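Breakdown of the fold
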Amino acid sequence: MRTAVVAGNWKMNGTKATVASLLRGLKAGLAPGRTQVIVCAPFPYLSQVSDELSGSPIQWGAQNVSQHTAGAYTGEVSLEMLKDFGCTHVILGHSERRALFSEQDDVIADKFCAALAAGLTPILCVGETLEQRESGETNTVVLQQLMAVVDKAGIASFAGAILAYEPVWAIGTGLTATPGQAQEVHEILRMCLRDLDEAVASKLSILYGGSVKASNAAELFSCADIDGGLIGGASLDAEEFLAICQAA
Ligand code: PEP
């Protein structure tokens, strides 16, 4: 039995006022259940999130972190800082970080190792572009992104991690992978890990991300290897996000 997880990625959105109203909506509307619910906020709002969610079953995290411990890294945020604000999770390797900020597999692997060593749960994202899908490279791309981390961190480390398959062409575009397309990639990811460690692979929560909405969540989450979702745009609306959590 795997843990169902729904994680919200707020990206670079929000103000103190919208964060307050979103969190109040989530706290008021979250139905008790087994789904693990996480919100990943922009750094400046982590203090507010930590205050608002204190005592709530909703966990919170960040969308990136430095691989370095401390020191002369202007503009960076460390794992100790995230822990200071009660973060339990951190998204790593999001396609926007890979594409817009040139994050490479080796740096993502370093961040993954550092997050685990600090006691945070990394949510590792992998996914192919439309061009890669159309040229039949989907499996090669996602497995390469995954194995770059497995090779550095070790398969056992995935016992403390979450994996997210996010086809780049489906992120923020309104295009969602069909349940069949998503399940096919989730199964390949799990099979690859299963070859290395059956127990770790069968317990790993693999989330789907890419234009998930309340209207398509249940069908996606009903697939055998889809254990929940990483939600961007729809996580900014309490009612919509809660309906997605309900579907998991
Ligand atoms: C994301 O940013 O991780 C994401 C899945 O975005 P959206 O749900 O908006 O496609």
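These numbers were taken from a predicted model, which means no experiment stands behind them.

1. Considering the overall build of the protein
- A count of helices and strands for the protein gives eleven helices and eight strands.
- A compact globule built from 248 residues should have a C-alpha radius of gyration of about 18 Å, and the protein, at 17 Å, falls within 12% of that.
- Dimensions along the principal axes, computed over C-alpha positions, put the protein at roughly 45 × 45 × 35 Å.
- Across the 248 residues in the protein, those meeting the buried criterion constitute 42%.

2. Here we look at the UniProt feature "active site" (unreviewed entry) in the protein
- What UniProt calls "active site" (unreviewed entry) maps, in this numbering, to H94 and E166. These annotated residues cover 73 residues of sequence, and their C-alpha atoms all fall within 8.3 Å of one another, placing them together at a single site.
- Within the secondary structure layout, H94 lies in the loop between strand 4 (89-92) and helix 4 (95-100).
- Those residues in contact with H94 that lie beyond four places of it in its chain are Q63 and C125.
- Tracing the chain through its elements places E166 in the loop between strand 6 (162-165) and helix 8 (179-196).
- Taking the number of C-beta atoms within 10 Å as the measure of exposure, E166 has 29 and is therefore buried.

3. What to know about the site of the ligand
- Not every one of the 14 residues close to the ligand is listed here, only the nearest: I171, G172, G209, G232 and G233.
- Of the residues contributing to the shell around the ligand, the split by class is five nonpolar, seven polar and two charged.

4. Considering the UniProt feature "binding site: substrate" (unreviewed entry) in the protein
- The positions that UniProt labels "binding site: substrate" (unreviewed entry) are, in the present scheme, N9, W10, K11, G172, S211, G232 and G233. The named residues occupy 225 residues along the chain; their greatest pairwise C-alpha distance, 13.7 Å, places them in one compact cluster.
- The topology assignment puts W10 in the loop between strand 1 (5-9) and helix 1 (16-29).
- Not counting the four nearest positions on each side in its chain, W10 is found in contact with V39, C40, A41, P42, S235 and L236.
- Here G232 lies in the loop between strand 8 (228-231) and helix 11 (238-247).
- Residue G232 is classed as buried on the basis of its C-beta count, with 22 C-beta atoms lying within 10 Å.
- Ignoring sequence-local partners within four residues, the contact set of G232 consists of N9, K11, I171, G172 and G209.

5. Description of the sheet that holds strand 3 (residues 59-62)
- With parallel pairing, eight strands are arranged side by side around a closed barrel as 1-2-3-4-5-6-7-8. For this sheet, the mean angle separating the axes of adjacent strands, direction not counted, is 25°.
- Pairing between strand 2 (residues 36-40) and strand 3: three bridges, direction parallel. Bridging across to strand 3, I38 finds its partner in Q59.

6. Let's talk about helix 7 (residues 138-153)
- Compared with an ideal rise of 1.5 Å per residue, which puts 16 residues at 22 Å, helix 7 spans 23 Å between its outermost C-alpha atoms and is within 8% of the ideal.
- Of the residues making up helix 7, those classed as buried are T138, V142, Q145, L146, V149, V150 and A153.
- On its buried side, helix 7 packs onto helix 5 (105-117), strand 5 (121-126), helix 6 (130-134), strand 6 and helix 8.

7. Let's talk about the packing of helix 10 (residues 214-221) against helix 11
- Following both chains from N to C, one finds helix 10 and helix 11 inclined at 15°, their axes separated by 8 Å at the closest point. What the angle tells us is that helix 10 and helix 11 run roughly parallel. Judged by the twist between their axes, the crossing of helix 10 over helix 11 is right-handed. Across from A214, A217, A218 and F221 in helix 10, the residues of helix 11 making contact are E240, A243, I244 and A247.
- Along the lines of polarity and charge, the residues of the contact of helix 10 with helix 11 split into seven nonpolar, no polar and one charged.

8. Side note on unusual backbone geometry
- Non-glycine residue K11 carries a positive phi angle of around 55°.
- Relative to the elements of secondary structure, K11 occurs in the loop between strand 1 and helix 1.
- Taking the C-beta count within 10 Å as the criterion, K11 has 19 such neighbours and is therefore assigned partly exposed.
- Backbone geometry at S102 places phi at a positive 55°, although glycine is not the residue there.
- Summarising the element assignment, S102 is placed in the loop between helix 4 and helix 5.

The rules behind these values
- Residues numbered from 1 in each chain as written.
- Predicted model: local features only at pLDDT ≥ 70, side-chain atom pairs only at ≥ 80, totals over all residues.
- Helix = DSSP H or I, 4+ residues; strand = E, 2+ residues; numbered from the N terminus.
- Rg over C-alpha atoms; globule rule 2.2 N^0.38 Å.
- Buried ≥ 20, exposed ≤ 12 C-beta atoms within 10 Å, placed from the backbone.
- UniProt positions renumbered as here; feature names shortened; annotations may be inferred.
- Contact = placed C-beta atoms within 7 Å.
- Near = placed C-beta within 6 Å.
- Nonpolar A, V, L, I, M, F, W, Y, C, P; charged D, E, K, R; others polar.
- Pairing = 2+ DSSP bridges.
- Axes fitted to C-alpha atoms, helices over the stretch in contact; angles between N-to-C directions.
- Expected span 1.5 Å × (residues − 1).
- Parallel < 35°, antiparallel > 145°, perpendicular 65-115°, else oblique.
- Left-handed = near helix turned anticlockwise from the far one by under 90°.

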